[in-house]
Amino acid sequence: MGEGGGTFIISELPQEGRPAEQDLPPNVDTGNLKKRSWKLLFPGIVGGTLVAVYAVATPFLTPALRKICLPFVPATSNQIENVLKMLRCRRGSLVDIGSGDGRIVIAAAKEGFRAVGYELNPWLVWYSRYRAWREGVHDVAKFYISDLWKVSFSQYTNVVIFGVPQMMLQLEKKLQLELEDDARVIACRFPFPHWNPDHVTGEGIDTVWAYDSKTFKGSKKNCPKPMPNVHLY
């Protein structure tokens, strides 16, 4: 209905450059033309929809097809608070392994750390960069699309990981080889299998374990050496 109450029958008005049905030659079947148009249009719509779904879903599904899956589960406010508690009186660089939507990196940047997040999902990386810009810490909070197993963490003095049990042993070995003696590793939700934590805080899923590199590296160096064979004559 128009504003004046009149009814407009748009279908009876021929569009510009397109003949009305009565202008078509009598031998043209307009019903078949419409059916053919829909047969061409429908596959295009379906194909375009599938391409869009594939483009959006692939970054989320690809990690699940890997040998070790690191799913995206946002950190709770208590977990972030507990991580920051373990970072008190510490300085230097920080890395979040599997940074998700960037909330740990951004929180650390606000505390004065030069923080970096590595994440395999490009959508989450782009969103994290946007959040860092919105929070005004984009100069000290950086995010990169990368597989954690292809990155060296030797340059970082603070490492945060929200891992899964299947990856903790392999990551434990990697960090023990790469980190310097002044580094600290902070594990959330799941502890490392062999290291003894220097500090623990929180309860349940909010539990956070802190491991000092000098401890877990020293524990290996200080293992007692086997006694030499002594022959009594």
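Everything here concerns the structure above.
A brief look at the structure comes next. Residues take numbers from 1 onward in each chain, read along the sequence in its written order. Under the rules for a predicted model, residues below a pLDDT of 70 receive no local features and side-chain atom pairs below 80 are neither given nor counted, while totals for whole chains, interfaces and linings still include all residues. To get the side-chain values, take all heavy atoms of the structure and skip hydrogens and water.

Turning our eyes to something else, we now look at the overall build of the chain. When helices and strands are tallied, the chain shows six helices and seven strands. Burial classes follow relative accessibility: with a 1.4 Å probe on protein chains only, a residue under 20% of its type's maximum area counts as buried, one over 50% as exposed, and anything between as partly exposed. The buried share of the chain, taken over its 233 residues, is 37%. If you sum the accessible surface of the chain, you get close to 15500 Å²; carbon and sulfur atoms cover 58% of it. Numbering of helices and strands starts at the N terminus; helices are DSSP runs of H or I of at least 4 residues and strands are runs of E of at least 2. In these tables, accessible area is a Shrake-Rupley quantity obtained with a 1.4 Å probe, and a residue counts as shielded only by the protein chains included in the view.

Another point: the pattern of salt bridges. By definition, a salt bridge exists where a carboxyl oxygen of Asp or Glu is found within 4 Å of a side-chain nitrogen of Lys or Arg. Within the structure shown, the criterion is met by five salt bridges. Across the pair D101 and R131 runs a salt bridge whose closest N-O atoms are separated by 3.5 Å. With a gap of 30 residues between them, D101 in the loop between β1 (93–97) and α3 (103–110) and R131 in helix α4 (residues 122–135) connect regions that are remote in the sequence. For R131, a relative accessible area of 15% puts it in the buried group. For D212, the salt bridge goes to R184, with nearest N and O atoms at 2.7 Å. Of this pair, D212 sits in strand β7 (residues 208–212) while R184 sits in strand β5 (residues 184–188), placing them 28 residues apart in sequence. The class for D212 is buried, based on a relative accessible area of 12%. On the basis of relative accessibility, which here comes to 10%, the residue R184 falls in the buried class. Residues participating in the shared-partner salt-bridge network are D101, R103 and R131.

All right, on to the environment of L169 then. Within the secondary structure, L169 is located in helix α5 (residues 165–178). According to the relative accessible area criterion, L169 is partly exposed, its value standing at 35%. Here the alpha-carbon distance between L169 and P193, two residues 24 residues apart in the chain, equals 6.2 Å. Two residues form a contact once any of their heavy atoms are found within 4.5 Å. Non-local contacts of L169, meaning those with residues more than four positions away in its chain, are made with P193 and H194.

A word on the sheet that holds strand β4 (residues 158–162). We treat two strands as partners when DSSP finds at least two bridges between them. Taken together, the seven strands give an open sheet; going across it, the order is β3-β2-β1-β4-β5-β7-β6, and neighbouring strands pair in mixed fashion. Sheet topology places β3 (141–145) and β6 (199–201) at the edges, where each strand pairs with a single neighbour. Taken pair by pair, the neighbouring strands of this sheet meet at an average axis angle of 15°, ignoring direction. Across four bridges, β1 lies against β4 in parallel orientation. Its bridge partner lying in β4, L94 is registered against N158. For every element, the axis is a line fit to its C-alpha atoms; helices are fit only across the contacting stretch, and the angle between N-to-C directions ranges from 0 to 180 degrees.

Inspection of the secondary structure puts V208 in strand β7. By relative accessible area, which is 0% here, V208 ends up buried. Taking C-alpha positions, V208 is 9.5 Å from I80, a pair spaced 128 residues apart along the chain. The contact partners of V208, leaving out residues within four places of it in the chain, are Q79, N82, V83, M86, I186, A187, C188, H199, V200 and T201.

The next subject is α3. For α3, the buried fraction is high: six of the eight residues fall into the buried class. Every buried residue of α3 is listed here: I104, V105, I106, A107, A108 and A109. Packing partners of the buried residues in α3 comprise α2 (77–86), β1, β2 (114–119), α4, β3 and β4. Looking at the residues trailing α3, positive phi occurs at G112, about 105°.

Among the five residues of β4, five are classified as buried, and the element is accordingly described as predominantly covered. With five bridges connecting them, β4 and β5 associate as parallel partners. Bridge assignment links V160 to a residue of β5, and that residue is I186. For a crossover, the right-handed case is the one in which the path from the first strand over the helix to the second runs clockwise, viewed with the strands pointing away from the viewer. Of the crossover connections in this fold, the one passing from β4 over α5 to the parallel β5 is right-handed.

This next bit is on the side chain of D206. Looking at where D206 falls in the secondary structure, it is placed in the loop between β6 and β7. Of the side chains bearing the opposite charge, R189 lies closest to the buried D206, which forms no salt bridge; the N-O distance is 6.9 Å. Two N or O atoms form a polar contact when they lie within 3.5 Å of each other; inside protein one atom must be a possible hydrogen donor and the other a possible acceptor, and for residues adjacent in sequence the pair counts only when both atoms belong to side chains. Of note is the side chain of D206, whose polar atom sits 2.9 Å from the side chain of T76. Sequence-distant contacts of D206, that is, excluding residues within four places in its chain, are made with T76, N78, Q79, N82 and T201. The convention is simple: Lys and Arg are positive, Asp and Glu are negative, and His and the chain ends are not counted.

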